Amino acid sequence: HVRPILRHPLIPRPTPWLGRSNIRCNRTRPLPRREAVARPPFGVLLVTGGMTHQENYGAGFLADPRAKIVGLTDEPSVDERRDRLNRALADAFGVPFLPDPRDALARRDVHAVSVCSEFERRGRVSQPCVEAGKHLYVEKPMATNMAEADRLVGTAQGQGIRGKMFTQGGVPDA
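About the criteria used
Residues numbered from 1 in each chain as written. Predicted model: local features only at pLDDT ≥ 70, side-chain atom pairs only at ≥ 80, totals over all residues. Heavy atoms only, no water. Helix = DSSP H or I, 4+ residues; strand = E, 2+ residues; numbered from the N terminus. Buried < 20%, exposed > 50% of the residue type's maximum accessible area, 1.4 Å probe, protein only. Contact = heavy atoms within 4.5 Å. Areas by Shrake-Rupley, 256 points an atom, 1.4 Å probe, with all protein chains shown as cover. Pairing = 2+ DSSP bridges. Axes fitted to C-alpha atoms, helices over the stretch in contact; angles between N-to-C directions. Phe/Tyr/Trp six-rings, centres within 6.5 Å; stacked < 30°, edge-to-face > 60°.

Trainee: In this structure, what is going on with the overall build of the chain? I would like to understand it.
Mentor: Broken down by element type, the chain carries five helices and six strands. Put simply, the chain runs from its N terminus to its C terminus through helices and strands in the order β-α-β-α-β-α-β-α-β-α-β. The buried share among the 174 residues of the chain stands at 44%. Sequence-distant contacts, at least 24 apart, represent 74% of the contacts inside the chain between residues at least 6 apart. Total accessible area on the chain stands at roughly 10100 Å², and carbon and sulfur atoms take up 53% of it.

Below, the structure written as structure tokens:
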């Protein structure tokens, strides 16, 4: 029995911005040159915690020596239940809960974000992440409408960052 090779979401691959989705992004200009190239371990910020697939993705990041979870954050306006679930997952992973996502995204040790917010919030939560120049690992659907998705993709391309929209379905040991 041969186990399939699982690729890490932060390692560049020669695919369009959205990976294997049916949406293709055509680049007409070169990507902006980044000032500094990050080296492993890559700092990963988790956005939204417990009772999502983040429990599995976070465990994968913890197990990977190329990644280091630097904290967990979410919008400050989440309800009490979501806040409790976020803090519980941060505690379970032994990482700080960062109550202000703007401060969390401003950290220099954050290179990428893993977004597992409820689908209604995903585009709204992901946009500040790409505006901050962070690589994006976002569960599908990445937005609730095409205008929101186009804005997210356009910002990511303009920043020269990479992103991946994913789903847990059929993925062993995510």
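Once you've had a look at it, read on.
Trainee: In this structure, what is going on with the sheet that holds strand E1 (residues 42–47)? I would like to understand it.
Mentor: In a beta sheet, neighbouring strands pair by backbone hydrogen bonds and run either parallel or antiparallel. Strand order across the open sheet formed by six strands is E3-E2-E1-E4-E5-E6, with parallel pairing between neighbours. The outermost strands of the open sheet, each flanked by one partner alone, are strand E3 (97–98) and strand E6 (163–166). Note that strand E4 (residues 112–115) and strand E5 (residues 135–139) share four bridges and pair parallel. Across the sheet, Ser114 pairs through a bridge with Tyr137, a residue of E5. Where helix H4 (residues 119–131) meets the sheet, it contacts E1, E4 and E5, and its direction lies at approximately 170 degrees from that of E5.

Trainee: Looking at this model, I keep getting lost on unusual backbone geometry. Mind explaining?
Mentor: The general pattern is negative phi for most residues beyond glycine and trans for most peptide bonds. Looking along the chain, the bond that leaves Pro40 and enters Pro41 is cis, with omega of 0 degrees. For Pro41, the position within the fold is in the segment before E1. The omega torsion of the bond from Lys140 to Pro141 falls at -5 degrees, within 30 degrees of zero and hence cis. Of note, the phi angle at Thr48 is positive, near 80 degrees, even though the residue is not glycine. For Thr48, the location among the structural elements is in the loop between E1 and helix H1 (54–63). The class of Thr48 is buried, set by a relative accessible area of 0%. Here the phi dihedral of Met51 falls at roughly 65 degrees; this positive angle occurs in a residue that is not glycine. By the secondary structure assignment, Met51 is in the loop between E1 and H1. The exposure class assigned to Met51 is exposed, which follows from its relative accessible area of 59%.

Trainee: In this structure, what is going on with the packing of aromatic side chains? I would like to understand it.
Mentor: Aromatic ring pairs: the centre-centre distance and the angle between the two ring planes describe each pair. Inspection of every chain in the model, using the stated rule, returns four aromatic pairs. Both rings, one in Tyr57 and one in Tyr137, keep their centres 5.9 Å apart while their planes meet at 85 degrees; by these two values the pair is edge-to-face. Residue Tyr57 is found in helix H1, and its partner Tyr137 is found in strand E5; the two are separated by 80 residues along the sequence. Summarising the burial analysis for this pair, Tyr57 and Tyr137 share the class buried. Measuring from ring centre to ring centre gives 4.1 Å for Tyr137 and Phe166, while their planes differ by 20 degrees; the resulting arrangement is stacked. Of this pair, Tyr137 sits in strand E5 while Phe166 sits in strand E6; the two residues are 29 residues apart in sequence, bridging distant segments of the chain. A single burial state applies to Tyr137 and to Phe166, both of which are buried.

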